[in-house]
Amino acid sequence: MKNLIPILLLSIIFYATSCKNSENNNVQEFKFSDENFIIGLASPINLETDTTIIFIKDYIPQDVEITGIETHEAIQYQLSGDSLQIKLKIISDDLPKLSFLKLNVGWVEYSILLKKSEKIKHKITFNPKGKEYRTVQIKGEMNAWNPNNTNLSLNKGIWETEFEIEPGTYQYLFVVNGRQMLDPENPEKISNGMGGFNSVLKVGNVDKSMLPVIYTESYEPNVLNITYKNNVTELLVTYRNFELDKSFFNLKEDTFQIVIPSDENKKNRAYIRIWAYNDYGISNDLLIPIQNGQVLTDAKDLTRTDFNSTILYNAFVDRFNDGDASNNRPTKDRAIHPRANFHGGDIIGITKKIEDGYFKDLGINTVWVSPIVKNPESAWGMYPNPRTKFSAYHGYWPISFTLIDDRFGTEEEFKHLVETAHKHNMNVLLDIVANHVHKNHPVYQKHKDWATNLYLPDGSLNTERWDDHRLTTWFDVFLPTLDLSKPEVYNMLSDSAVYWIEKYDLDGFRHDATKHIPEIFWQTLTQKIKTRIVIPQNRTIFQIGETYGSPELISSYVNTGQLDAQFDFNVYDAAVAAVTGNSSFENLARVLKTSQKYYGSNHLMGNITGNQDRGRFISYASGSLRFDEDAKLAGWTREVGVLDTVGYKKCAVLNAIVSTIPGIPVIFYGDEIGIPGGNDPDNRKMMRFDNLIKEEKELKNITKTLLHFRKSSLPLMYGDLQIIRAGDDVFIFSRTYFDKTVYLIINNNEINTEINFDASENKLKALFKTEFTINNNIIKITLEENSFEILSN
């Protein structure tokens, strides 16, 4: 028996979930509500090992009554007195690895996937070998690289601690008396990509060879054919967040045949989602877009509101394009180095590049505009070498939540930018700063108690305490962090964010400093966006955040009730290390699989080519910048450029990875041509559109080809990922969506290399015209040094 709240008459509940065979080609008819109470795809719930709290408004933002709850019998549930939370408690070991939480709203029953925790307890020890230490800590992927999260205890001469973590491979270091060190008793280590090494910990069974793998095999009218590898204990399927029970599919030999439901609202985009599990664990998941009641088979049918097709470009306003010289007004302070002052880029400059086709020609369909709110006119901060203060050219020091800084433009100009983008079938995301304000902000001046404390109880300064005080730390002494746990603060900030969408018809946000803001703010903002924008206007809004940390921390903000995605800095770091030869592609493959485990196989995480807080990749790749040096200091004290033209080839390889792996490509302005530089502000040079050198033109054309190919390729948006080979210098993977497959082949050697691998497709073509052969399902291709090719059918 399953648990059920019998609030409605059983006959009504039965009517809500009933289906019947149609006389027309076995089409299954399904009764759907005209009103969708769950907006978008309901994100799976990762159960804790004991008790899990679910906030109902994360899934159903409207003020409606939950009239029924159903779970597996191994789970005990409790609805809070205010009906806002559901507490799930595991009471039996019989809980399968996957099950559903079912919520009834009226007669409509929604199904939300529940994933049983795979966490196990693992003890880590440090043997001091007779030496005395004050403190022993650990920092690694298991605790978001924050040593203050984990202090080891001395027990009978051995320092020890215990983690409850998922089986897998983790990088870590010990911190002994404040000094980082490798685990002296663990010989396994890996490059950290910055000139050093990390120890490697393996927890539980890391062999994934027996996990179930499910594939989109083929389709026919009203039917999907899903095949699988390894044993499948159970297949779970949803359509528009409703479970498709076993009357919708059957097993025929080694293929599951799934009937696409008949749907009166079939003109709207819908999705079928599929998961499986066996005794060894959980499979990949499949996301299949449905168009007019059938499998979507042509990328041309996708629109800019299909966010899996997003290709994002970070236009850093002040440094992108000066479209109106009349608003140029650098901060008048001799203490500011010219690099740290305004350069003249503005809103009109971005609009002009939309109008002249720059973004369309490159393959971009979404522009991320850096913050444009009013910032202070004066200079702040201090860098020691050379001594310089900074202007607010970047826009991240707000003194208003709603007013546009006139150095960037006007309200009318920003409205025109968004209107122009929409006319060109492009989205616009605005960068929102909610975590902090400048000390001159009127709100802070009036309500200083709305900020967190600048000093900690021990008297130390609470600045740049990114991990141990991540929800309260100030970015600098003149940038108060707002206490967004207070209702009066998070309601005010969330209202001001919604204002931007309502006034300017924006398509979403890029959110700064996501992990430094409590979840209640993100939940409140997303609920307001859904109830005030999405539902009444029948729109879609995309939100992507910025968090440095472990996949567990990053994913805690990515769900139905908060953000759609975050930038995947872990994948970026692994890709950069692999392409520059500081780590292996085997490590990149591991990180890619970890991301899919935490964010889903068809996630929307942002795969960046670089960003405003890192040294430019091309300078690392060409040897002009070292990973073991201070990239900011390098940018200030010497010319950081392109030391070797091999950097352009490696840039192309990185852009190829970003364009083909799961997630959405994010181009940091200038990475399409290989602008060099150290860290901030040297990585924020003025964008160049003319007088490009030969290598810059070639890189731009390669990037353009990659992005246009991605826009046309359903496998790169919805296909499953299969790693074929991942070594030190060769990396091959495929993405497959039904009968379409794309292969990325990378040769990271310094010499031309012949590469052979198995493939089931016989009719393939090379995107960049490299010659290859296929004999007996073996592909043979020779790639130049530091190059790649893409094959597809």
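Residues numbered from 1 in each chain as written. Predicted model: local features only at pLDDT ≥ 70, side-chain atom pairs only at ≥ 80, totals over all residues. Heavy atoms only, no water.

Draft legend 1. Inspection of the overall build of the protein at higher detail. The number of helices and strands found in the protein is 17 helices and 46 strands. What you see for the protein is a C-alpha radius of gyration of 27 Å, in line with the 28 Å of a compact globule of 793 residues. Each principal axis of the C-alpha atoms in the protein carries an extent, and together these give about 80 × 70 × 70 Å. Counting over 793 residues, the protein shows a buried share of 59%. In the protein, the proportion of contacts linking residues at least 24 apart, taken out of those at least 6 apart, comes to 70%. Accessible surface for the protein amounts to roughly 32900 Å². Of this, 48% is attributable to carbon and sulfur atoms. Here the protein holds 85 positive side-chain charges and 102 negative ones, and the gap between their average locations is 3 Å. (Helix = DSSP H or I, 4+ residues; strand = E, 2+ residues; numbered from the N terminus. Rg over C-alpha atoms; globule rule 2.2 N^0.38 Å. Buried < 20%, exposed > 50% of the residue type's maximum accessible area, 1.4 Å probe, protein only. Contact = heavy atoms within 4.5 Å. Areas by Shrake-Rupley, 256 points an atom, 1.4 Å probe, with all protein chains shown as cover. Lys, Arg positive; Asp, Glu negative; His and termini not counted. Charge placed at Lys NZ, Arg CZ, Asp CG, Glu CD.)

Draft legend 2. Inspection of the packing of helix 4 (residues 347-355) against helix 6 (residues 411-423) at higher detail. For the pair helix 4 and helix 6, the least separation of the axes is 9 Å and the interaxial angle reads 20 degrees. As the angle between them shows, helix 4 and helix 6 are arranged roughly parallel. Crossing geometry of helix 4 relative to helix 6 is assigned as left-handed. Every residue of helix 6 that contacts helix 4 at Ile347, Ile348, Ile350, Thr351, Ile354 and Glu355 is listed here: Glu413, Phe414, His416, Leu417, Thr420 and Ala421. Each residue belonging to the contact of helix 4 with helix 6 can be placed in one class, and the counts come to 7 nonpolar, 3 polar and 2 charged. (Axes fitted to C-alpha atoms, helices over the stretch in contact; angles between N-to-C directions. Parallel < 35°, antiparallel > 145°, perpendicular 65-115°, else oblique. Left-handed = near helix turned anticlockwise from the far one by under 90°. Nonpolar A, V, L, I, M, F, W, Y, C, P; charged D, E, K, R; others polar.)

Draft legend 3. Spotlight on helix 6. In this model helix 6 runs 18 Å from its N-terminal to its C-terminal C-alpha over 13 residues, within 8% of the 18 Å that 1.5 Å per residue would give. Taken residue by residue, helix 6 has Glu413, Phe414, Leu417, Val418, Thr420, Ala421 and His422 as its buried positions. Those residues of helix 6 that are buried are in contact with helix 4, strand 33 (427-432) and helix 8 (487-504). Asn425 occupies a position one or two residues after helix 6 and carries a positive phi of about 60 degrees. (Expected span 1.5 Å × (residues − 1).)

Draft legend 4. Seen up close, a negative patch on the surface. On the surface, Glu586, Asp644, Asp728, Asp729 and Glu750 cluster together into a patch of negative charge. Tracing the sequence through the fold places Glu750 in the loop between strand 41 (740-747) and strand 42 (753-758). (Patch = residues over 30% accessible without salt bridge, like charges linked within 9 Å, V, L, I, M, F, W, Y side chains within 5 Å. Salt bridge = Lys/Arg side-chain N within 4 Å of Asp/Glu carboxyl O.)

Draft legend 5. Empty space enclosed by the protein, seen in detail. Summed over all chains, the structure comprises 4 cavities of 30 Å³ or more. By volume, the largest cavity amounts to about 130 Å³. Lining the largest cavity are 15 residues, with Val373, Phe401, Ile432, Val433 and Trp500 sitting closest to its centre. Breaking the lining of the largest cavity down by element, the ones donating at least two residues are strand 33 and helix 8. No other element matches the 4 residues that helix 8 contributes to the lining of the largest cavity. (1 Å grid on protein atoms, 1.4 Å probe; cavity = no way out; pocket = protein on both sides within 12 Å on 5 of 7 lines; lining within 4 Å. Points joined across faces, edges and corners; volume = space filled by probe spheres on them.)

Draft legend 6. Fine view of the nonpolar core. One finds Tyr313, Ile350, Phe359, Ile372, Phe414, Trp500 and Leu506 to be the most contacted residues of the largest nonpolar core, which totals 73 residues. The element contributing the most residues to this core is helix 8, with 8 residues. Contacts of Phe414, omitting those with residues within four sequence positions, involve Ile347, Ile372, Ile404, Leu430, Trp500, Tyr504 and Leu506. Residues Phe542, Val591, Met605 and Tyr648 belong to the second largest nonpolar core, which totals 58 residues. (Core = buried A, V, L, I, M, F, W, Y, C linked by side-chain atoms within 4.5 Å.)

Draft legend 7. Structural view of the pairing of strand 18 (residues 197-203). The buried fraction of strand 18 is high, at 5 of 7 residues. With 5 bridges connecting them, strand 15 (residues 168-176) and strand 18 associate as antiparallel partners. When the bridges of strand 18 are listed, Thr169 appears paired with Lys202. Here 3 bridges tie strand 17 (residues 189-191) to strand 18, and the two strands are oriented antiparallel to one another. Residue pairing in the sheet places Ile190 in a bridge with Asn198 of strand 18. The loop that links strand 17 with its antiparallel partner strand 18 comprises 5 residues; one of these, Gly193, has a positive phi angle of about 75 degrees. (Pairing = 2+ DSSP bridges.)

Draft legend 8. Structural context of the confidence of the model for the protein. For the protein, per-residue confidence averages 94 on the pLDDT scale, and 95% of positions sit at 70 or higher. For the stretch residues 1-25, pLDDT sits under 50, and the model shows 49 contacts to residues farther than four places along the chain or on other chains. (pLDDT = per-residue confidence, 0-100.)

Draft legend 9. Helix 16 (residues 694-712), seen in detail. In this model, helix 16 (19 residues) spans 27 Å end to end at C-alpha, consistent with the 27 Å of a helix rising 1.5 Å per residue. Along helix 16, the positions that sit buried rather than exposed are Glu696, Leu699, Lys700, Thr703, Leu706, Leu707, Phe709 and Arg710. Looking at the buried residues of helix 16, the elements they touch are helix 5 (358-362), helix 15 (646-660), strand 38 (664-668), helix 17 (715-718), strand 41 and strand 46 (787-792).

Draft legend 10. The arrangement of the packing of helix 8 against helix 9 (residues 519-537) in detail. Running from N to C, helix 8 and helix 9 point in directions that differ by 40 degrees, and their axes come no closer than 9 Å. Judged on the interaxial angle alone, helix 9 and helix 8 are oblique. Crossing hand, helix 8 versus helix 9: right-handed. Contact residues: helix 8 offers Tyr490, Asn491, Leu493, Ser494, Asp495, Ala497, Val498, Ile501 and Glu502, while helix 9 offers Ile520, Phe521, Thr524, Leu525, Lys528, Ile529, Arg532 and Ile533. Its residues assigned to classes, the contact of helix 8 with helix 9 comprises 10 nonpolar, 3 polar and 4 charged.

Draft legend 11. Spotlight on the environment of Thr452. Tracing the chain through its elements places Thr452 in the loop between helix 7 (442-446) and helix 8. Residue Thr452 is classed as buried on the basis of its relative accessible area, which comes to 11%. Here the alpha-carbon distance between Thr452 and Thr463, two residues 11 residues apart in the chain, equals 11 Å. Non-local contacts of Thr452, meaning those with residues more than four positions away in its chain, are made with Leu471, Thr472, Trp474, Thr481, Leu482 and Asp483.

Draft legend 12. View of a nonpolar patch on the surface. A surface patch of nonpolar side chains, about 280 Å² in accessible area, is lined by Tyr455, Leu461 and Val477. Position of Leu461 relative to the elements: it lies in the loop between helix 7 and helix 8.

Draft legend 13. Structural detail: the sheet that holds strand 43 (residues 765-766). The sheet built from 5 strands is open, its strands ordered 39-40-41-46-43 with antiparallel pairing. Unpaired on one side and paired on the other, strand 39 (720-726) and strand 43 mark the two borders of the sheet. Alignment of strand 41 against strand 46, held across 6 bridges, turns out to be antiparallel. Opposite Tyr743, over in strand 46, you have Leu791 as the bridge partner. Sitting on the sheet, helix 16 touches strand 41 and strand 46, and the angle it makes with strand 46 is about 25 degrees.

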